[in-house]
Amino acid sequence: MPDSGGTYQSCKHFFQALGAWCQFDTISFTSIACNVDKRTFPIHDVPVVDSFAGRYYLWSAKKNLVYAESVLAGADLIFIHMLYRYHSQWASNFAMQHGIPTVIVPHGSLDPYVFTYRCLQKKAWLRIVGRKILDNASAILCATEREREKAKQHVGSTPSKIISWPISFGPFDCTIDVRSILGIPPSDRILLFVGRLHPVKRPIETIDAFVTANIDGWHLILVGPGSSELPLNEVVLYANGCSRVHVVGAQFGESKNAFIHSADMYILFSKKENYSYTVAEAIQARVPVMISREVDLSPVVERYACGIVVDAITESSRRDAIKSLESLRNSNFNSMRDNCDRFSQNELQFSVFEDRLKELVNNTLESQTNTFI
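Not measured: the values here are computed from a predicted model.

Asker: I tried to follow the packing of helix 3 (residues 86–97) against helix 4 (residues 119–135) on my own but got confused; where do I start?
Answerer: One way to put it is that helix 3 packs onto helix 4 with a least axis distance of 9 Å and a crossing angle of 40 degrees. Relative to helix 4, the element helix 3 lies oblique. The element helix 3 and its partner helix 4 pack so that their crossing is left-handed. Where helix 3 approaches helix 4, its residues Ser88, Gln89, Ser92 and Met96 are matched on the opposing element by Trp125, Val129, Lys132 and Ile133. Taken together, the residues that form the contact of helix 3 with helix 4 break down as four nonpolar, three polar and one charged.

Structural data, given as structure tokens:
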């Protein structure tokens with residue numbers, strides 16, 4: 001398990017939701033010990049070693065597996081996060097040997113997009129190992145309806161459930177004045193991109209669309225670290241000279257929150273996004289969103305009318321979407337903000353996640369009991 005990012009956040013939420021309700025242990029199979037505060041999020045680290053085939057065929061020493069088995073001994077239910085990893089095969093085999101039901105949490109790993117790279121290894125893994133893991137699971141847990149739809153071809157008859165990941169953005173009390181720092185007048189509006197500067201999220205295309213749309217009184221801010229495919233300095237150089245475009249790099253904690261709360265509209269023209277925490281964070285902060293249809297939250301955004309969903313495949317569609325912001329009135333923004341509140345209350349609250357997760361646990365265990373009657 002990584003010590004940051006969406007998978008880490010969801011694993012932590014599982015512990016927070018179930019840890020006080022039942023005995024709940026988290027095992028992390030990683031080559032490097034998970035760097036988290038184990039006083040607030042206790043984790044059992046099980047070291048694994050890379051093989052010549054990479055992460056698809058990691059392995060762990062017998063003594064480490066004995067320890068993992070001792071942690072799982074007597075478990076009533078096992079959640080397995082992610083596929084294409086050694087731990088998912090090992091945990092599924094352990095569960096089958098001991099008659100323990102499993103719930104698979106794929107985190108988008110069955111999305112067709114993930115097969116556009118390392119395709120042969122993943123398809124081989126699914127055929128040799130994954131099919132059995134999915135067929136023997138009691139349920140597949142997805143974060144969105146879109147994720148469930150895209151996973152259908154792989155899960156067979158195994159039932160799938162939808163539980164949105166919660167967002168704990170909390171009250172905002174910050175002294176960081178984004179507008180003063182970047183020289184943005186109080187009367188101007190802010191269009192905000194938050195995320196890793198990677199080609200799949202189309203940061204360069206977003207800059208191009210903003211520049212060609214040339215909407216008066218708006219500024220585009222890009223927040224996020226660079227990537228090996230698109231280093232931060234390249235994006236900075238690309239945006240240099242572009243009117244009202246600000247590339248500020250990675251921001252964390254209070255600083256990142258300050259940028260989100262300063263925004264009038266969040267933007268993400270991603271080619272693929274399983275569950276965008278920053279989209280959900282923006283919505284919880286009452287910031288309307290402009291997102292591509294490939295973002296898996298897009299159907300829910302349309303249903304709640306808390307933003308604009310765009311067919312962002314072409315340059316003109318991206319430009320026209322941003323250009324349309326000129327025609328929006330204050331009343332339009334206020335309406336979308338109110339709808340953000342409805343979305344947040346119904347889908348993103350931790351109490352909603354906790355109740356739905358406990359219901360899944362109870363239903364799974366009840367179904368397992370009835371199977372043996």
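Let's pick the thread back up.
Asker: In this structure, what is going on with the packing of aromatic side chains? I would like to understand it.
Answerer: Given two aromatic rings, one states the distance between the centres and the angle between the planes to describe the pair. Across all of its chains, the model carries 14 aromatic pairs by this definition. Seen from their ring centres, Phe29 and Trp90 are 5.5 Å apart, and the 45 degrees between their planes marks the pair as tilted. Placement of Phe29 in strand 1 (residues 27–30) and of Trp90 in helix 3 is noted, with a sequence separation of 61 residues between them. By relative accessible area, Phe29 is classed as buried at 12%. Site record: aromatic cluster; members linked through ring pairs are Phe14, Phe79, Trp165, Phe350 and Phe353.

Asker: Is there a simple way to explain the sheet that holds strand 5 (residues 78–81) in this structure?
Answerer: What holds strands together in a sheet is hydrogen bonding between their backbones, with the strands either parallel or antiparallel. On the basis of which strands lie adjacent, the open sheet formed by four strands has the order 5-6-7-8 and parallel pairing. Bordering the open sheet on either side are strand 5 and strand 8 (160–162), each of which pairs with just one other strand. Ignoring which end each strand starts from, the neighbouring axes of this sheet average 25 degrees apart. Strand direction decides the pairing type here: strand 6 (residues 102–105) and strand 7 (residues 139–142), joined by two bridges, are parallel. Its bridge partner lying in strand 7, Ile104 is registered against Ile140. On top of the sheet, helix 5 (residues 145–155) reaches strand 7 and strand 8; it is set at about 170 degrees to strand 8, its chief contact.

The rules we used
- Residues numbered from 1 in each chain as written.
- Predicted model: local features only at pLDDT ≥ 70, side-chain atom pairs only at ≥ 80, totals over all residues.
- Heavy atoms only, no water.
- Axes fitted to C-alpha atoms, helices over the stretch in contact; angles between N-to-C directions.
- Helix = DSSP H or I, 4+ residues; strand = E, 2+ residues; numbered from the N terminus.
- Parallel < 35°, antiparallel > 145°, perpendicular 65-115°, else oblique.
- Left-handed = near helix turned anticlockwise from the far one by under 90°.
- Contact = heavy atoms within 4.5 Å.
- Nonpolar A, V, L, I, M, F, W, Y, C, P; charged D, E, K, R; others polar.
- Phe/Tyr/Trp six-rings, centres within 6.5 Å; stacked < 30°, edge-to-face > 60°.
- Buried < 20%, exposed > 50% of the residue type's maximum accessible area, 1.4 Å probe, protein only.
- Pairing = 2+ DSSP bridges.

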